[in-house]
Structure formats: C-alpha cells, structure tokens
Amino acid sequence: MSSRDEALQTIKQLAPTLALADFTRVVLKLVRDQVGADRGTLFVVDPAHSEIRSVVADRVIGEIPLPIGFGIAIAGAETGEIIDTYNPTYDDRFEEKYEAALKYDTKDIYCMPVVDDRKTIVGVLELLNRARPFTNEDHEFLRQVSHEIASCLRNSFASR
C-alpha cells in the first residue's frame with residue numbers, strides 16, 4: 001500500500017470520529033505532506049451570508065471570512081473550477097492585503113472546489129507554495145481527498 005493510499009485510509013477512518021476542525025487539521029497535514037505544499041486552508045461555503053469562511057487555516061488563529069466576489073478561493077467556489085496560479089500577484093482576483101495581515105509571502109496557489117454528491121460546491125481546498133509542480137497523481141489524490149472532505153462537511157452540517 002502506498003503512502004497516499006494510507007493517507008486516504010486514515011482520512012476515511014477519521015472522518016466519522018473527529019470534530020470538523022480537528023478532522024480538517026489532520027487532513028491538511030496529510031495533504032501538505034503528500035503533495036509538498038507549505039500551507040493549506042479549508043474554506044466552507046456559507047450561502048446564507050454570501051461568503052466562504054475558513055474551517056482551519058495553517059498557522060492562522062481565528063476564522064478567515066471572504067465575501068462572495070472577492071479573492072481566488074471565492075472564484076473557485078463560484079466557478080467550480082480548479083485555479084492553479086504560479087504567480088498570484090499577476091492575478092486580478094488575488095487580494096494582497098492578506099499578505100501583510102498574515103505575514104506570509106504567497107508564491108503560488110492551488111485552489112480546488114469541494115463538491116458533494118449532489119454536485120453542490122460546499123467548500124474550497126486551498127494549498128499555498130508548493131515545493132514542486134503537481135503531477136497527475138497529485139491531482140487524483142487531491143480529488144479523492146476532496147470527496148472525503150465533502151462527505152465530512154455534509155455529515156457535520158447535517159448533524160447540526
């Protein structure tokens with residue numbers, strides 16, 4: 001069994017046992033380790049407030065709310081497309097004010113919508129500053145992780 005298969009097995013086993021924030025911390029760590037990203041954030045779509053907000057953002061204390069129409073993660077939530085940019089400062093959707101506030105230099109962004117079984121975008125997985133370009137295997141791994149995250153989000157919000 002490969003380390004990616006083991007990571008997916010761990011995610012599947014932990015999903016029903018952990019609170020959403022704890023599950024997300026574990027998933028982000030496993031994802032970062034597997035694909036070589038420096039930071040990751042899971043945003044949840046909140047249509048009632050026309051925003052997405054972070055469940056967990058690596059090395060950030062507190063929630064990050066982003067209003068609809070604002071930023072790369074929002075664009076991923078609105079379009080349902082993967083956004084893969086290697087120099088976000090040249091992307092009109094990139095919001096530089098977070099660079100100073102978070103004291104972080106974003107060199108690249110990989111943003112993947114999290115889509116549930118009903119084809120509804122329920123979140124966005126954002127990875128920052130890759131150590132290397134993603135391979136086809138990385139993309140497939142992230143697609144599988146995204147599916148597990150969607151199931152966890154659905155179960156978490158259904159139990160409220």
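Keep in mind that what you see is a predicted model, and the values were worked out from it rather than measured.

Asks: Just to check I follow, could you spell out the nonpolar core for this structure?
Replies: Taken as a class, soluble globular proteins show a tendency for nonpolar side chains to be buried jointly. If you look at the biggest cluster of nonpolar residues, it comprises 29 residues, and the most contacted ones within it are Leu127 and Leu142. When residues of this core are traced back to their parent elements, those giving at least two are helix H1 (3-14), helix H2 (20-35), strand S1 (37-46), strand S5 (109-115), strand S6 (121-130) and helix H5 (136-158). For Leu142, the residues in contact, after removing those within four places along its chain, are Val31, Val35, Tyr110, Met112, Leu125, Leu127 and Phe134.

Asks: Sorry if this is basic, but what is going on with the environment of Asn129 here?
Replies: Locating Asn129 in the fold gives a position in strand S6. On the basis of relative accessible area, Asn129 is assigned to the buried category, the value being 14%. Sequence-wise, Asn129 and Tyr86 are 43 residues apart; in three dimensions their C-alpha atoms are separated by 8.6 Å. When neighbours within four sequence positions are excluded, Asn129 is seen to be in contact with Gly36, Ala37, Asp38, Tyr104, Asp105, Thr106, Lys107 and Asp108.

Asks: Is there a simple way to think about unusual backbone geometry in this case?
Replies: What is expected of a backbone is that most residues other than glycine have negative phi and most peptide bonds are trans. With a phi angle near 65°, Lys119 is a residue other than glycine that sits in the positive phi range. Along the chain, Lys119 falls in the loop between S5 and S6. Look at Lys119 and you get exposed, because its relative accessible area is 69%. Here the phi dihedral of Asn129 falls at roughly 55°; this positive angle occurs in a residue that is not glycine.

Asks: Looking at this structure, how should I read the packing of aromatic side chains?
Replies: We describe a pair of aromatic rings using the distance from one ring centre to the other and the angle between the two ring planes. For the coordinates displayed, the defined rule picks out 1 aromatic pair. With centroids separated by 5.0 Å and ring planes inclined at 70°, the aromatic side chains of Tyr110 and Phe134 adopt a geometry described as edge-to-face. Taken together, the residues Tyr110 in strand S5 and Phe134 in the loop between S6 and H5 connect sequence positions 24 residues apart. The class for Tyr110 is buried, based on a relative accessible area of 1%. The ring of Phe141 has Arg4 lying over it, and the distance from NZ or CZ to the ring centre is 5.1 Å. The positively charged end of Arg130 is found above the aromatic ring belonging to Phe134, 4.7 Å away from the centroid.

Asks: Where do I start with the pattern of salt bridges in this structure?
Replies: A side chain of one charge can pair with a side chain of the opposite charge if their charged atoms are brought near each other. Following the criterion strictly, the structure yields 9 salt bridges and no others. Linking Arg143 and Glu140 is a salt bridge whose minimum nitrogen-to-oxygen distance equals 2.6 Å. With Arg143 and Glu140 both in helix H5, this residue pair falls 3 residues apart, about one helical turn. Within this structure, Arg4, Arg132 and Asp138 form a network of salt bridges that share partners.

What counts and how
Residues numbered from 1 in each chain as written. Predicted model: local features only at pLDDT ≥ 70, side-chain atom pairs only at ≥ 80, totals over all residues. Heavy atoms only, no water. Core = buried A, V, L, I, M, F, W, Y, C linked by side-chain atoms within 4.5 Å. Buried < 20%, exposed > 50% of the residue type's maximum accessible area, 1.4 Å probe, protein only. Helix = DSSP H or I, 4+ residues; strand = E, 2+ residues; numbered from the N terminus. Contact = heavy atoms within 4.5 Å. Phe/Tyr/Trp six-rings, centres within 6.5 Å; stacked < 30°, edge-to-face > 60°. Lys NZ or Arg CZ within 6 Å of the ring centre and 35° of its normal. Salt bridge = Lys/Arg side-chain N within 4 Å of Asp/Glu carboxyl O.

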